[in-house]
Amino acid sequence: MTTTAADPAPAPGFGNTPGTGPQGIAPEPTDENVWLEDIYGEEQLAWVKEQNSRTEDLLEDADYVQLEGSILEVLDSTDRIAMVGKRGEWYYNFWKDQQNPKGLWRRTTWESYCTGTPDWDVLLDVDALSAAEGAEWVFHGATFLRPAAGEPYRHALLALSPDGGDANRYREFDVETRTFVDPAQGGFDLPTAKGHVSWLDEDTLLVASTAEGLPRTASSYARTAVTLKRGGSLPAAPLLFEVPENHMMAVVAHDSTPGFERTFAVDYIDFYNRSNAVLRDGSWAGIDVPTDVNVSAHREWLLFRPQQDWALNGSTYPAGSLLAAPFEDYLAGSRKVSVLFTPDAHTSLQSWSWTRNFLLLNLLKDVSSEIRVLDPSRPGGAGEAAWASSLLDACPPLHDVNAYAVDDEDEADDDEAGGGAGDDFWLVATGFTTPSTLMRGTLERAADGTGGVVSRHEVVKTSPSFFADEDYEVQQHFAVSDDGTRVPYFQVASRDLALDGQNPTQLSGYGGFEVSRTPAYSGTVGRAWLERRTSLSAGANGDAPHSRGGVYVVANIRGGGEYGPAWHRAALQENRHKAYQDFAAVARHLISRGVTSPERLGCVGGSNGGLLVGNMLTQYPELFGAVSCGVPLLDMRRYTRLSAGHSWIAEYGDPDVPEQWEYIRTFSPYHLLKDGVEYPETFIWTATSDDRVGPVQARKMAARMLAMGIPNVWFHEALEGGHAGASDNRQAAALQARSQHFLWKALAGGAA
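Throughout this document, residue positions are counted from 1 along each chain, in the order its sequence is written. Per-residue local features of the predicted model are confined to residues with pLDDT of at least 70, and side-chain atom pairs are confined, for both listing and counting, to 80 or more; whole-chain, interface and lining totals are unaffected and use all residues. The basis for every side-chain value is the complete set of non-hydrogen atoms in the structure, without hydrogens or water.

1. Digging into the sheet that holds strand 4 (residues 121-125)
Using the following cut-off: Two strands form a pair only when DSSP identifies at least two bridges running between them. Numbering goes from the N terminus for both helices and strands, where a helix is a DSSP run of H or I of at least four residues and a strand is a run of E of at least two. Where helices are involved, their axes are fitted lines through C-alpha atoms of the stretch in contact, as for all axes, and angles between N-to-C directions lie from 0 to 180°.
Spatial ordering of the open sheet is given by 1-2-3-4, a layout of 4 strands whose pairing is antiparallel. Since the sheet does not close on itself, it has two edges, and those belong to strand 1 (85-87) and strand 4, each with one partner. The average undirected angle you get between the axes of adjacent strands in this sheet is 30°. Here strand 2 (residues 90-95) runs beside strand 3 (residues 104-108); their pairing, made up of 5 bridges, is antiparallel. Paired with Tyr-92 across the two strands is Arg-107, which belongs to strand 3.

Below is the structure:
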């Protein structure tokens, strides 16, 4: 088991005494709970277990048991879509259910997949592996070695985490024999660590790892990459790439696309800045772009997405645009680029995917999906993208639809039996009241010479409904934040919603790292919140007493990516308060519209979203009746020294720098607690094995609130599950049930 611990003790002269600290470093406030930073200490875990018992006594009543079972039924449903990825002729899937809680890695043919009961070829039973090896393995994916031309995909590196954390053990697996390749026979088996692995050839890996004494950055990620030969050891492997200790991490990867074989290195300086290089004649050739321009390569093309406006050759390309240049021309010094997408006030680029001959752009227009198909072989019209662009008709309003290639490297001739899949694409569509649907389509150039792209797609699989979704409607509203910015949010509620301020309402948000919160179907939210009913209650306007269900709201606040990089950067570092003002504005808008009232309004968030709701707790307690705060950042003075916190300085700032601590302290919930404030009921939850944020900040926040005598403060720490808080469906159901049941008891009076 990997143990992630904070600094065991402050550096000399840098402790818990207010007003002290080395010259140039911000002083550290008193922290009476620093002892809880020993994650696996005996005394600390005893405290955790005591709090777990106290919380379970409160929450795990008969209604909780029923709710947990209902959620688990959703998660374990065998009618869920088994999403697949194509490698060669096979379609691979990883599947968890009641009989296989740790999961099955399996594959099938396309013909079988299209039937109602596919014939799955099980490659690895993770439950059986865990039982045989006495380890609680969590499957984190497979990376295949490209076979020789005409040969099937056979060897893969499997990423297995011993506790659900980010650190993985990589082991070579043979899908034909369904066994791991014995290390004694030269099989690759890399020790558990954070890192990245890529195949160079059948006998060589490119490894960036912190295992076996390899250096790590201050962010706890790999600082170096090495070339590991079959049968060799990591400490003896020759160094290939290295980054400074204060950078975030090093990554090296090999692109094995036939005819375009290249090895790339990325120096992740921080979350939003990186340097890219390609290996040429034994040395690294840098790709000359500003560090805040994201770069990706595909065959003969380089794509660029700037995070800030990019001035190049007399033109300025706005943040969030997408540009293209021929790979070799750009490396040779040409700076001629083609504009493929330009954002506007309503539309942003979320992602892109190449098929063999086309480029799919996944866009958001006021947080509803739009998909465009670009053809590099044909120029666009005046005032349009440089490449011919066609709209893919597949996106209903207020839905999230994503398109991505099935297998852009499928070189099969379309005239062969079954045709080639090179220009095939997947479509995954979902909405708050629309179960997920998987479609498959094909792109081809229009035969009429118009320059357009013709797409054909049809439904392959559809998820079942887990609640009476037809009884609910989705609306989009806009709140106005303190500085006048319009902030969108989605509201999911009963069609007969009474606007009398009495509806239990759950407000969810994130607002960080350019992550977009888009519409998504959740059987858990439907069953655990929308369909639960209150006891009979009278409305505020003298209406007849009636029972009502919950209202679910998702806020698209700044700091996220709903409107591209500018929306994200608007709430970075010293502007972090804008994200919290946005969220509070949504809360006030819900109250002013009569949807709910402070005593009926709760908020929920995890990770950076935990920091968000921690600030609602401490800065806007009058707006909420309950707060559910999961795997959170809360101690912003010490976050850079806890788990992977140092890697997020670009998002929040560096608390060791006095000038930056002055603004960071204004959104550090652990330091904003005050005596004499009436705080909403609070549930703080985390996981011991979370090696990304870690459990420490949640522990300390709960301990401080309890010591202050603040009533109705509850804490729970799962002993496994990593940053997700759960590594199997049973754990996930328990986690969700606790949070949902806590909010319901606090906001709806406990009625089932």
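From this point, things continue past the structure.
2. Remarks on the packing of helix 2 (residues 62-75) against helix 14 (residues 729-748)
We apply this condition: Under this scheme an angle from 65 to 115 degrees is roughly perpendicular, one under 35 degrees roughly parallel, and one over 145 degrees roughly antiparallel; angles in between are oblique. Rotating anticlockwise by less than a right angle from the far helix to the near helix defines a left-handed crossing, while the corresponding clockwise rotation defines a right-handed one. Throughout, a contact is declared for two residues whenever any of their heavy atoms are within 4.5 Å. Residue polarity follows a fixed list, in which Ala, Val, Leu, Ile, Met, Phe, Trp, Tyr, Cys and Pro are nonpolar, Asp, Glu, Lys and Arg are charged, and the others, Gly among them, are polar.
In the contact formed by helix 2 and helix 14, the axes pass within 8 Å of each other and the chain directions differ by 135°. Taken together, helix 2 and helix 14 sit at an angle that is classed as oblique. Crossing geometry of helix 2 relative to helix 14 is assigned as right-handed. Counted together, Asp-63, Tyr-64, Leu-67, Glu-68, Ile-71, Leu-72 and Leu-75 of helix 2 and Asn-729, Arg-730, Ala-732, Ala-733, Ala-734, Gln-736, Ala-737, Arg-738, Gln-740 and His-741 of helix 14 form the full contact between these two elements. Along the lines of polarity and charge, the residues of the contact of helix 2 with helix 14 split into 9 nonpolar, 4 polar and 4 charged.

3. Thoughts on the pattern of salt bridges
Quick reminder of the rule: A pairing counts as a salt bridge when a side-chain nitrogen of Lys or Arg comes within 4 Å of a carboxyl oxygen of Asp or Glu. Think of it in three bands: residues with accessible area under 20% of the maximum for their type are buried, residues over 50% are exposed, and the middle band is partly exposed, with areas taken using a 1.4 Å probe on protein chains only.
Tallied over the full model, the rule gives 41 salt bridges. Residues Glu-37 and Lys-700 are paired through a salt bridge, measuring 2.8 Å at the closest nitrogen-oxygen approach. Residue Glu-37 is found in the segment before helix 1 (42-59), and its partner Lys-700 is found in helix 13 (residues 696-707); the two are separated by 663 residues along the sequence. Relative accessible area serves as the criterion here: at 3%, Glu-37 is assigned to the buried category. Across the salt bridge formed by Arg-558 and Asp-483, the nearest N and O atoms sit 2.8 Å from each other. Placement of the pair is Arg-558 in the loop between strand 35 (551-555) and helix 7 (565-569) and Asp-483 in the loop between strand 32 (472-480) and strand 33 (486-494), with a sequence separation of 75 residues. Here the salt bridges do not stand alone but share partners, grouping Glu-28, Asp-31, Glu-37, Asp-635, Arg-637, Arg-638, Arg-641, Asp-656 and Lys-700 into one network.

4. Focus on the packing of aromatic side chains
Stated precisely, the cut-off is as follows: When the centres of two rings from Phe, Tyr and Trp lie within 6.5 Å, Trp using its six-membered ring, the rings pair. Their planes under 30 degrees apart give stacked, over 60 give edge-to-face, and anything left gives tilted. Throughout this description, the term charge over a ring refers to an Arg CZ or Lys NZ atom that lies within 6 Å of the ring centre and within 35 degrees of the ring normal.
Counted by the stated rule, this structure contains 34 aromatic pairs. Where Phe-271 meets Tyr-272, the ring centres are 5.7 Å apart and the plane angle is 55°; that geometry is what we call tilted. You can call Phe-271 partly exposed: its relative accessible area is 27%. An aromatic cluster is defined as three or more aromatic residues linked by ring pairs; in this entry it consists of Tyr-92, Phe-94, Trp-105, Phe-139, Phe-144, Tyr-153, Phe-173 and Phe-180. Lys-194 extends its terminal NZ or CZ atom over the ring of Tyr-221, reaching a point 4.8 Å from the ring centre. The ring of Phe-327 has Arg-262 lying over it, and the distance from NZ or CZ to the ring centre is 3.8 Å.

5. Quick notes on the sheet that holds strand 19 (residues 301-306)
Strands sit in the order 18-19-22-23 across an open sheet of 4 strands; the sheet is antiparallel. Strand pairing shows two members of the sheet lacking a second neighbour, strand 18 (293-298) and strand 23 (338-341), which therefore form its edges. Each adjacent strand pair in this sheet contributes to an overall mean axis angle of 30°, direction not counted. Sheet topology places strand 19 next to strand 22 (residues 322-326); 4 bridges connect them, and they run antiparallel. Note that in strand 22 the partner of Leu-302 across the bridge is Ala-325.

6. A few points about unusual backbone geometry
Phi is positive for Arg-299, close to 50°, though the residue is something other than glycine. Mapping Arg-299 onto the fold places it in the loop between strand 18 and strand 19. Residue class for Arg-299 comes out buried when judged on its relative accessible area of 6%. Here the phi dihedral of Asn-313 falls at roughly 50°; this positive angle occurs in a residue that is not glycine. Along the chain, the position of Asn-313 falls in the loop between strand 20 (310-312) and strand 21 (315-317). Taking relative accessible area as the criterion, Asn-313 reaches 60% and is therefore assigned exposed.

7. Describing the side chain of Ser-209
The condition is simple: For this analysis, a polar contact is any N or O atom pair within 3.5 Å, provided that within protein one partner can donate a hydrogen and the other can accept it, and provided that sequence-adjacent residues contribute only side-chain to side-chain pairs.
By secondary structure assignment, the location of Ser-209 is in strand 11 (residues 204-209). The exposure class of Ser-209 is buried, given its relative accessible area of 7%. A distance of 3.0 Å separates a polar atom in the side chain of Ser-209 from the backbone nitrogen of Ala-211. Dropping the residues within four chain positions of it, Ser-209 is found in contact with Ala-193, Lys-194, Gly-195, Leu-214, Pro-215, Ala-222, Thr-224 and Leu-234.

By themselves, these observations are geometric and do not establish any function.
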